[in-house]
Amino acid sequence: MYMKKISIFLASFLFAGIPFLNLAELPSFDFNNFLDKKPIDLFENKPFEIGNLDTNFLKDEIIVKFKNDNRFRRVRISRDETVESVIAQYRNRSDVVSAEPNYIAQAFMVPNDPYYSYQWNLDNSGYGGINAENAWDVADGSGVTVAVIDTGVAYENYSQSRLNRYYLAPDLANTSFTAGYDFVNNDSHPNDDNGHGTHVTGTIAQSTNNNLGVAGIAYKSSIMPIKVLDKNGSGTYADVADGIRWAADHGAKVINLSLGGSSPASYLEDAVAYAFNKGVTIVAASGNDGASYVSYPAAYDNYVIAVGATRYDETKSYYSNYGSSLDLMAPGGDLTVDQNGDGYGDGILQQTFGSNTNSWGYYFYQGTSMATPHVAGVAALIISKGIASNPDQVRNILQSTADDLGSVGRDNIYGYGLVNATAALGSTPTPTPTPSPSPTPSPTPTPSPTPPPTKIVVFEDSFESGLGQWSQDSQRDWASSRQRAVDGRYSAEVDGSASDSQLISGAINLQAKVNAIISFSWFIESGLDLGEYLNFDVSIDNGNTWMEKSSLKGNIDQENVWHNVSIELNNINNLKIRFSGKMSSSSEDANVDMVKIIAH
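As the structure is a prediction and not an experimental result, all values here were calculated from the model.

*Asks:* Would you mind going over the overall build of the chain with me for this structure?
*Replies:* Of regular secondary structure, the chain possesses nine helices and 26 strands. The buried share among the 600 residues of the chain stands at 55%. Carbon and sulfur atoms make up 47% of the accessible area of the chain, which amounts to about 25,900 Å² in all.

Now the structure itself:
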């Protein structure tokens, strides 16, 4: 049988044996020599080693504020009513100021893995990450099986012979595994003898929040290891095709293919079509040639999500392939630069082994191999949350919520943009329409006039386009910031060492309405002292006088969390709103996001 070798580019293989734990002894690195080395067959580059808010609320009560009552009241609801219907009833009452669900609060997930701070690719206050932290508050990948079709995975302690011994990676000890298969050696022990598959697996599901090493994206998902590449990172299309079919037949919901070749093959396309039609989301690397084409199987547009690689600054990595088949970008790194200033080349950090299968370390790799598991991991989160049930829905969510890069809309350099885990988990899938029966013809009634809407949005700003709708006092301490956001990438931030620094809206046209509901989210960092605050004020006389309506106070109100505020004003005109912040230290900040005013 004719079989084609896969060209899976390690597009420059780098490997040093110094543990991450000893950061001071990191070796020097000659990139001219590095780039002259002949690529081998994996979509990664091995470098030096260094050691919408979920609608979650109580179903049996709501919170109501009545007029002339200074307290919010708990209102119980019966079993045959829903929270939504009861809220609607109360909001239609003239004696009610507000009626809202009793939301459930939960701790915000930031992993305690000691090297997590080096994983700029997952979340950071600057650029390049996929916004994983807020996503972890919503989903963790539970119940989803992800097949890693690669060089195998270091998932078990197993002695094949006296010379061939394999070990469970220490930082995969709490990761769930399901049975896989080794198509290279034709047995049921798909152990890794290269290191590539273990590194890829870590990005998807490294044991997380275990006080060891680094974190993974869908860390509660189950990994199905399938070995189709040998210890040199090479294999055949036939083995890859068999691995894809095996994964689809044994319960995988996501397949990660950090591999590929330059030529199409009908049997490879048939395999991805088979898995797709069984409801499997397939994610594959675009390739490391820096060329204007996407490698196979990523290029099979109808069945596979093709992934390219970005650097820390969210530009395309120099090696990443691109073209009309490219769908998404994800962090793949660039070891030639240190744009985040952490002292290491900007690669993707995960645990794998070095010179032998028990020589563990934490290594920065780069490549579209490293980008691909980011998308596979987010796909697992989407499926875990239950907002997508088939590959088309997963793809649509990933593409529609990606952060647009390059030209506006989809382009051949960046596809639909950089995958955004938080935005993806806040998405609502488009339902498949159910055909309606043909209605019985009836006389056409005379239409009634459509009444004008009772509520209209008269002001809205999430600061994605800067502070253009606002003015500041002379301190000029407010700025549009990417440090954190509730929606999108930006919020308004007032920096530390600010003395009642003010951010003021222009006059807001209420469009002949006299009542308004003002809502926004705001945040203060830990470390604010007594007397330091973030205030919200309103003016109903065009800014001549101001009334304080809400405040977050340092050392009193909860810090390091977003607070959601809703305020109702009645009998108003000439409305303006103002935020002001007071902080004494440059390390203390506060943020505002998602400001909306609805008039009625």
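After that view of the structure, there is still more to cover.
*Asks:* I keep staring at the sheet that holds strand β17 (residues 470-472) and nothing clicks. Help me out?
*Replies:* Overall, antiparallel pairing links the five strands, which are arranged β17-β20-β25-β22-β23 in an open sheet. Sheet topology places β17 and β23 (547-553) at the edges, where each strand pairs with a single neighbour. Between one strand axis and the next, the sheet turns by 20° as a mean value, whatever way the strands run. Pairing between strand β20 (residues 498-505) and strand β25 (residues 576-583): five bridges, direction antiparallel. Residue pairing across strands places Gln502 opposite Ser580, the latter belonging to β25.

*Asks:* Would you take a moment to explain the pattern of salt bridges for this structure?
*Replies:* Pairs may arise between side chains of opposite charge once their charged atoms sit close together. Applying the stated criterion across every chain, the model contains 17 salt bridges. A salt bridge links Asp249 to Lys278; the nearest nitrogen and oxygen atoms lie 3.0 Å apart. Taken together, the residues span a long stretch of sequence, with Asp249 in helix α5 (residues 237-249) and Lys278 in the loop between α6 (266-277) and β11 (281-285) at a distance of 29 residues. Using a relative accessible area of 41% as the deciding quantity, one classes Asp249 as partly exposed. A residue is classified by how much of its surface remains accessible, and Lys278, at 41% relative accessible area, is partly exposed. When salt bridges with common partners are traced through the structure, they connect Asp60, Glu61, Arg74 and Arg76 into a single cluster.

*Asks:* Please explain the environment of Ala271 as it appears in this structure.
*Replies:* For Ala271, the position within the fold is in helix α6. Judged by relative accessible area, Ala271 falls into the buried class, the value being 0%. Residues within four places of Ala271 in sequence aside, it is in contact with Ala241, Ile244 and Arg245.

*Asks:* I tried to follow the pairing of strand β22 (residues 533-539) on my own but got confused; where do I start?
*Replies:* For a regular strand, the rule is simple: side chains alternate between the two faces of the sheet. With seven of seven residues buried, β22 lies mostly within the body of the structure. Residues Tyr533, Asn535, Asp537 and Ser539 line one face of β22 and the alternating positions Leu534, Phe536 and Val538 line the opposite face, and both faces are buried. One ladder, built from six bridges, connects β22 with β23; its direction is antiparallel. Its bridge partner being in β23, Asn535 is matched across the sheet by Ser551. When β22 meets β25, the two strands line up antiparallel, connected through seven bridges. Each residue of the ladder has a partner; that of Asp537, found in β25, is Arg578.

*Asks:* Can you help me understand helix α4 (residues 196-205) in this one?
*Replies:* By the criterion of burial, α4 is predominantly enclosed, with 10 of the 10 residues buried. His196, Gly197, Thr198, His199, Val200, Thr201, Gly202, Thr203, Ile204 and Ala205 are the residues of α4 that are buried. Each element contacted by the buried residues of α4 is listed here: β4 (145-150), β9 (222-227), β10 (254-257), β14 (348-353), β15 (360-365) and α7 (368-385).

*Asks:* Can you walk me through the nonpolar core in this structure?
*Replies:* Formed by 59 residues in total, the largest nonpolar core has its most connected members in Leu122, Trp136, Val375, Val378, Ile382 and Leu398. Ranked by residue count, the leading element in this core is α7, at 10 residues. Look past the residues within four positions of Trp136 in its chain and what remains in contact with it is Met109, Pro111, Tyr116, Leu122, Ala215, Gly216, Ile217 and Tyr219. Counting 38 residues, the second-largest nonpolar core is a separate cluster that includes Ala241, Leu257, Ala265 and Tyr414.

*Asks:* Looking at this model, I keep getting lost on the sheet that holds strand β3 (residues 96-103). Mind explaining?
*Replies:* Strand pairing in a sheet relies on backbone hydrogen bonds. The paired strands run either parallel or antiparallel. Read across the open sheet, the three strands follow the order β2-β1-β3; overall the sheet is antiparallel. In the strand order of this sheet, the two ends are held by β2 (73-76) and β3, each with one partner. Taken over all neighbouring pairs, the strand axes of this sheet differ in orientation by 35° on average, direction set aside. For strand β1 (residues 57-66) and β3, the ladder comprises six bridges, and the chain directions are antiparallel. By the bridge assignment for β3, Phe66 is matched with Val96.

*Asks:* Looking at this structure, how should I read the environment of Ile572?
*Replies:* Looking at the element boundaries, Ile572 is found in the loop between β24 (563-569) and β25. The class of Ile572 is buried, set by a relative accessible area of 5%. Taking the C-alpha atoms as reference points, Ile572 and Asn515, separated by 57 residues in sequence, lie 6.2 Å from one another. Discounting residues that sit within four places of it in the chain, Ile572 has contacts with Leu510, Lys513, Val514, Ala516 and Ile540.

*Asks:* Help me out: how do you make sense of the confidence of the model for the chain in this one?
*Replies:* Predicted coordinates in areas of low pLDDT are best not read in detail. Residues of the chain with pLDDT of at least 70 account for 85%, and the chain-wide mean is 85. Here residues 432-453 is a poorly scored stretch, pLDDT under 50, and it has one contact once near neighbours within four places are set aside; other chains count.

*Asks:* Which parts of the structure should I look at to understand unusual backbone geometry?
*Replies:* The general pattern is negative phi for most residues beyond glycine and trans for most peptide bonds. Cis rather than trans, the peptide bond between Tyr296 and Pro297 has omega equal to 15°. Locating Pro297 in the fold gives a position in the loop between β11 and β12 (304-310). Residues other than glycine seldom take positive phi values, yet Asp500 does so here, at roughly 55°. Mapped onto the fold, Asp500 is located in strand β20. Judged by its relative accessible area of 27%, Asp500 falls in the partly exposed class.

What counts and what doesn't
Residues numbered from 1 in each chain as written. Predicted model: local features only at pLDDT ≥ 70, side-chain atom pairs only at ≥ 80, totals over all residues. Heavy atoms only, no water. Helix = DSSP H or I, 4+ residues; strand = E, 2+ residues; numbered from the N terminus. Buried < 20%, exposed > 50% of the residue type's maximum accessible area, 1.4 Å probe, protein only. Areas by Shrake-Rupley, 256 points an atom, 1.4 Å probe, with all protein chains shown as cover. Pairing = 2+ DSSP bridges. Axes fitted to C-alpha atoms, helices over the stretch in contact; angles between N-to-C directions. Salt bridge = Lys/Arg side-chain N within 4 Å of Asp/Glu carboxyl O. Contact = heavy atoms within 4.5 Å. Core = buried A, V, L, I, M, F, W, Y, C linked by side-chain atoms within 4.5 Å. pLDDT = per-residue confidence, 0-100.

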